[in-house]
Amino acid sequence: MNLLSIIPVISMIFSIYSFMLIIYILMSWVPAAQSSSFGRLLAKFCEPYLGFFRKFIPPIGMIDFSPIIAILLLSFIERGVKIVLLNILNMVA
């Protein structure tokens, strides 16, 4: 398995986690959905990441902007990982 074949897998992992975050955020509008077993499972994966941003970005009124920043940063991290892997691949080749 070469390094080039790992990049789509990493991209898929980041995409799945981003969708998990979006679903978790949308579920916050329906309190009964968060208390379901699926909601608790998503909370175990999403809340540690979102909690980090909630420490530094307070809600403005009733709107919590920390999930938006968290998803944007996740996208930048994904791009950074891809660039690093492609640079490593170019050095090896």
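Our structure's up above, just so we're on the same page.
Below: a short report on this structure. Fair warning: this is a prediction, and the values are worked out from it, not measured in the lab.

Some words on the environment of M20
At step 1: When you line up the elements, M20 lands in helix α1 (residues 3-27).
At step 2: Linking M20 and F45, residues 25 residues apart in sequence, is a C-alpha distance of 8.3 Å.
At step 3: With residues near it in sequence (within four places) discarded, M20 still touches L42, F45 and C46.

Observations concerning the pattern of salt bridges
At step 1: Applying the stated criterion across every chain, the model contains three salt bridges.
At step 2: A salt bridge links K82 to E78; the nearest nitrogen and oxygen atoms lie 3.3 Å apart. Here E78 and K82 lie together in helix α4 (residues 66-92), a separation of four residues that amounts to about one turn.
At step 3: With a relative accessible area of 26%, K82 lands in the partly exposed category.
At step 4: For E78, a relative accessible area of 13% puts it in the buried group.
At step 5: It is possible to trace a salt-bridge network through shared partners that takes in E47, R54 and D64.

Description of α4
At step 1: Counted at 1.5 Å a residue, the expected span for α4 with its 27 residues is 39 Å, and the 39 Å between its end C-alpha atoms agrees.
At step 2: Turning to α4, its buried residues are S66, P67, A70, L74, E78 and L85.

Structural notes on a nonpolar patch on the surface
At step 1: Taken together, the side chains of I60, M62, I63, F65, I68, I69, L72, L73, F76 and I77 define a hydrophobic patch exposed on the protein surface, amounting to about 1000 Å² of accessible area.
At step 2: With respect to the helices and strands, I60 occurs in the loop between α3 (37-56) and α4.
At step 3: I60 gets classed as exposed once you look at its relative accessible area, which sits at 57%.

Parameters at a glance
- Residues numbered from 1 in each chain as written.
- Predicted model: local features only at pLDDT ≥ 70, side-chain atom pairs only at ≥ 80, totals over all residues.
- Heavy atoms only, no water.
- Helix = DSSP H or I, 4+ residues; strand = E, 2+ residues; numbered from the N terminus.
- Contact = heavy atoms within 4.5 Å.
- Salt bridge = Lys/Arg side-chain N within 4 Å of Asp/Glu carboxyl O.
- Buried < 20%, exposed > 50% of the residue type's maximum accessible area, 1.4 Å probe, protein only.
- Expected span 1.5 Å × (residues − 1).
- Patch = residues over 30% accessible without salt bridge, like charges linked within 9 Å, V, L, I, M, F, W, Y side chains within 5 Å.
- Areas by Shrake-Rupley, 256 points an atom, 1.4 Å probe, with all protein chains shown as cover.

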